[in-house]
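Descriptive analysis of the structure
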Amino acid sequence: MKKTRIAIVGLGMAVTPHARGLMDLSDRVEVIHAFAPSEARRRAFGETFPFPLCDSLDTILNDGSVEAVAVFTPANTHRDIAIRCAEAGKHVLMEKPLDITTARAEQLVAACRKAGVKLGVVLQHRFRPAGVRLAEILASGELGAIVGCSTVIRLWRPQSYYDEPGRGSFARDGGGVLISQGIHTLDLMLSLAGPIAEVRGFAATTPVHSMETEDMVCAAARFANGAFGTIDATTAAYPGFLEEIVLTYAKGTALVRGTELLVQFQNGRKIAIEPDRSAGGTGADPMAFPHDYHRAVMADFVEAIRAGREPKVTGEEALKVHRLIDALIEAGRSGGSVRVAGAEA
């Protein structure tokens, strides 16, 4: 079978699990360019991974054999790189978030749609076996109607993490705990429980960190389907704890804790998936997780290109979590109730 030819743009911290996943998929994917503007980063990457390096984005865009570009650069560069790739006819796999503002993210998504290229987004929690299995259970209707959903994201990042220039800023990252860390769990929550229509709560920077953006958010939510829930997110909870989503239904309750799943029906039946025992990136080392789920994202993206279908997490899907984050931040600023853009009443 002909291999899908991919280029990598961005060779910083985020690239490692993707590069490992691409090596695992070498029977179906060929990486023909790996680019970063920094010569030092290219050199360091080349010492670890056996992919051809290049020193210009134009090299990738002008190479007609490149079918897709995987972008792992800082968030504030995403829109412009994706638009250039789309206009060059390249499919795009984009690391989260789409960009630093929802307006810029919408422009990115629109450009890919206009160019007719696939846009996949790296929100890998949907590819964990626990999330996949729970989605199947919910689709079967076995648990009945949803009545509640509570999401807890209690992570730890030391001050040294935020001391890196630009980290935790609006200009580079677009926000704090929600868009940089919590976005994965919030996306999984929305995919399972459905859209949130309205939020009310608080968003702040705690005394634990010196940073521009929020490191703690506490909110109440009303889902479009009538369920109620809460969202509790922080990077100030030492030493870091596994994220949890508890979904309450008419016929039972489902718990996703990290990579673990426990579904308990009122009739006594149970369904469980054991956790993978990794730290999950919850603590001081944000990369302390296996690359399996990033590999699954890449495999799905490649299959989408080959089959002419949409990736599991499209740009439009990612925009849903961006709009929820906007509403949570605005609720924290205003102290009032905020409707989530695009969510059904």
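Because the structure is predicted, anything quoted here is derived from the model rather than measured. (Residues numbered from 1 in each chain as written. Predicted model: local features only at pLDDT ≥ 70, side-chain atom pairs only at ≥ 80, totals over all residues. Heavy atoms only, no water.)

**Overview of the overall build of the protein chain**
Rule in force here: Per the convention used, a helix needs a DSSP run of H or I reaching at least four residues, while a strand needs a run of E reaching at least two, with both numbered from the N terminus. We compute the radius of gyration from the C-alpha atoms alone; for a globule the expected value is 2.2 Å times N to the 0.38, where N is the number of residues. Each residue gets one of three labels from its accessible area relative to the maximum for its type: buried under 20%, exposed over 50%, partly exposed in between, using a 1.4 Å probe on protein chains only.
Check the secondary structure of the protein chain and you find ten helices and 15 strands. In terms of C-alpha radius of gyration, the protein chain reaches 20 Å, essentially the compact-globule figure of 20 Å for 345 residues. The principal-axis extent of the C-alpha atoms belonging to the protein chain is close to 55 × 45 × 40 Å. Taken across its 345 residues, the protein chain has 55% of its residues classed as buried.

**A closer look at the sheet that holds strand β5 (residues 91-95)**
So the rule is basically this: Between any two strands, pairing holds if DSSP finds at least two bridges. Any two residues whose heavy atoms approach within 4.5 Å at even a single point are treated as in contact. Axes here mean lines fitted to C-alpha atoms, for a helix over just the part in contact, with angles spanning 0 to 180 degrees between N-to-C directions.
Spatial strand order, β3-β2-β1-β4-β5-β6: six strands in an open sheet with parallel pairing. The open sheet terminates on both sides in strands that have one partner only, identified here as β3 (53-54) and β6 (119-122). Sheet topology places strand β2 (residues 29-35) next to β3; two bridges connect them, and they run parallel. Each bridged residue has a counterpart across the sheet, and for Phe35 the counterpart in β3 is Cys54. Against the sheet, helix α1 (residues 15-24) touches β1 (4-9), β2, β5 and β6, its axis set at about 165 degrees to β1.

**Some words on the pairing of β1**
Which entries qualify depends on this criterion: Here a crossover is taken to be right-handed if, once the strands point away from the viewer, the path from the first strand over the helix to the second is traced clockwise.
Along β1, five of the six residues are buried, which leaves the element largely enclosed by surrounding structure. Note that β1 and β2 share six bridges and pair parallel. Bridge assignment links Ile6 to a residue of β2, and that residue is Val31. Following the chain from β1 across α1 to the adjacent parallel β2, one finds a crossover that is right-handed. Both β1 and strand β4 (residues 68-71) contribute to a ladder of four bridges, which runs parallel. Paired with Ile6 across the strands is Ala68, a residue of β4.

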